[in-house]
Amino acid sequence: MHWQSWSAFFNMGGYAFYVWFSFGLTALCVVWEVIAVRKRTKEALRLTRLLAQDS
Amino acid sequence: MSINWFKYSSPQAFYPLAGKMIPWFSWLAVLFAIAGLIISFAVAPTDFQQGEAYRIIFVHVPAAWMSMVIYIAMAFWAGLGLALNARLSAMMAQALAPTGAMFTFLALVTGSFWGKPMWGTYWVWDARLTSELILLFLFIGFMALQAAIDDPRRADRAGALLALVGVVNVPIIYFSVKWWSTLHQGSSINMGAAPKMAATMLQGMLLMALAFWMYTIAIALMRVRSIMLERERNSDWVKSLSAPLSLKGDA
């Protein structure tokens, strides 16, 4: 471990904005995609159930 | 060991199998990501030229790799669907496209956020960046084309043609740093040559790549399940999923 302190870690040698933006955006995209796909599957299952009730 | 692969080539057989595989790949993705992030931030040393800014490599390079790998996988499934008229293959291609577009977008954005502090600019119109941008347009074009055609089987065929023609762009991206002079640095890893980076940097990058790989499989399986439900809504096997007896399975 080569970080002297937490603030040095968050500062990323002066490149905090670029580094944390890159990692943050990646995390955000992944979380968003998982939520979106789960919603889509739930909706598909709900419609399937509706259709099964009708027939 | 003989597995009858064709048994799983129909949606009704693949749907429950995919459901069983999703948690495994999800947990592998989480484990690889934790290990990869620990190495990326706590173990890998500071770069002597780029300082801490180089740590963007741990998301940028795996995202860029995945963008190309997913494109090839998407074109493979689309082509297989076209050749064998197999609907599950076409659905796999459809399930991969949004994730491929996402990783392409991430490769471009994290690259430009790495370029700004290192090159002094977010964007240059050089071969590597431009061909990766074209890859994003190919993914978006594939999705838009499929969405624009009402008949799903015709949409599959049209999308497959676009995906297959677009494959030519992948080697162009890969070799662009060799073929043209560019601001972009050369490959981090070359076949048959010792890596030009510290071993821990390489390990971090490979672990993050594995995490993205497992994530891609998990999310594509999740999405292909919803595509199966949507497209086969009127088939007996989908209807039987919500029959009273099988309600307990999938909520």
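Parameters and conventions
Residues numbered from 1 in each chain as written. Chains lettered and ligands numbered in written order. Predicted model: local features only at pLDDT ≥ 70, side-chain atom pairs only at ≥ 80, totals over all residues. Helix = DSSP H or I, 4+ residues; strand = E, 2+ residues; numbered from the N terminus. Rg over C-alpha atoms; globule rule 2.2 N^0.38 Å. Buried ≥ 20, exposed ≤ 12 C-beta atoms within 10 Å, placed from the backbone. Contact = placed C-beta atoms within 7 Å. Nonpolar A, V, L, I, M, F, W, Y, C, P; charged D, E, K, R; others polar. Expected span 1.5 Å × (residues − 1). pLDDT = per-residue confidence, 0-100. Axes fitted to C-alpha atoms, helices over the stretch in contact; angles between N-to-C directions. Parallel < 35°, antiparallel > 145°, perpendicular 65-115°, else oblique. Left-handed = near helix turned anticlockwise from the far one by under 90°.

S.K.: Any chance you could explain the overall build of chain A here in plain terms?
M.R.: Of regular secondary structure, chain A possesses two helices and zero strands. Over its C-alpha atoms chain A spans a radius of gyration of 21 Å, topping by over 25% the 10 Å that the globule rule assigns to 55 residues. Of all 55 residues assigned to chain A, the portion counted as buried reaches 16%.

S.K.: What is the right way to look at the overall build of chain B in this model?
M.R.: The number of helices and strands found in chain B is eight helices and zero strands. When the helices and strands of chain B are placed in sequence order, the string is α-α-α-α-α-α-α-α. Its C-alpha atoms put chain B at 65 × 35 × 35 Å along the principal axes. Within chain B, the proportion of its 251 residues that are buried is 41%.

S.K.: I tried to follow the interface of chain A and chain B on my own but got confused; where do I start?
M.R.: Often the size quoted for an interface is simply the accessible area lost on bringing the parts together. Each partner contributes to the interface: chain A provides 27 residues, whereas chain B provides 35 residues. In terms of residue class, the side of chain A that touches chain B is built from 17 nonpolar, seven polar and three charged.

S.K.: Quick question: what am I supposed to make of unusual backbone geometry here?
M.R.: The bulk of non-glycine residues show a negative phi, and the bulk of peptide bonds are trans. A positive phi is found at Met12(A), a non-glycine position, where the angle reads about 50 degrees. With 20 C-beta atoms counted inside 10 Å, the residue Met12(A) sits in the buried group.

S.K.: Where do I start with helix H7 (residues 199-231) of chain B in this structure?
M.R.: Along an α-helix, a turn takes 3.6 residues, which lines up residues three or four apart on a common side. Over its 33 residues, H7(B) extends 47 Å from the first C-alpha to the last, a length consistent with the 48 Å expected when each residue adds 1.5 Å. The element H7(B) is largely enclosed, with a buried count of 24 among its 33 residues.

S.K.: Honestly, the environment of Phe113(B) in this entry has me stumped. Any pointers?
M.R.: Structurally, the position occupied by Phe113(B) is in helix H3 (residues 87-119). Measuring from C-alpha to C-alpha, the distance between Phe113(B) and Thr200(B) comes to 23 Å, with 87 residues separating the pair along the chain. With residues up to four places along the chain from it excluded, the contact list for Phe113(B) reads Tyr18(A), Phe21(A), Ser22(A) and Ile56(B).

S.K.: I'm lost on the confidence of the model for chain B in this one. Help?
M.R.: The predicted coordinates ought not to be read in detail in places where the model reports low pLDDT. Of all residues in chain B, 90% have pLDDT values of 70 or greater, and the mean over the chain is 90. Here the prediction assigns the complex a pTM of 0.91, and the interface score ipTM is 0.92.

S.K.: Help me out: how do you make sense of the packing of helix H2 (residues 57-84) of chain B against H3(B) in this one?
M.R.: When two helices pack together, you describe them by how their axes are tilted relative to each other and by the distance separating the axes. Residue and element names in this part refer to chain B. H3 packs onto H2 with a crossing angle of 160 degrees between their chain directions and a minimal axis gap of 7 Å. What the angle tells us is that H2 and H3 run roughly antiparallel. Here H2 runs over H3; the crossing is left-handed. Of the residues belonging to the contact of H2 with H3, the class tally is 21 nonpolar, nine polar and one charged.

S.K.: Just checking my understanding: could you explain the packing of H2(B) against H7(B) for this structure?
M.R.: Residue and element names in this part refer to chain B. Where H2 contacts H7, the axes come no closer than 9 Å and their chain directions differ by 45 degrees. Considering the angle they form, H2 stands oblique to H7. In this structure, the crossing between H2 and H7 has a hand that is right-handed. On H7, the residues that touch Ile57, Phe58, Val59, Val61, Pro62, Ala63, Trp65, Met66 and Ile70 of H2 are Gly204, Met205, Met208, Ala209, Phe212, Trp213 and Thr216. Looking at the contact of H2 with H7, its residues break down into 14 nonpolar, two polar and no charged.

S.K.: Looking at this structure, how should I read helix H5 (residues 152-166) of chain B?
M.R.: Over its 15 residues, H5(B) runs 21 Å from end to end, which matches the ideal 21 Å to within 8%, given 1.5 Å per residue. Elements in contact with the buried residues of H5(B): H2, H3, helix H4 (127-148) and helix H6 (169-179) of chain B.

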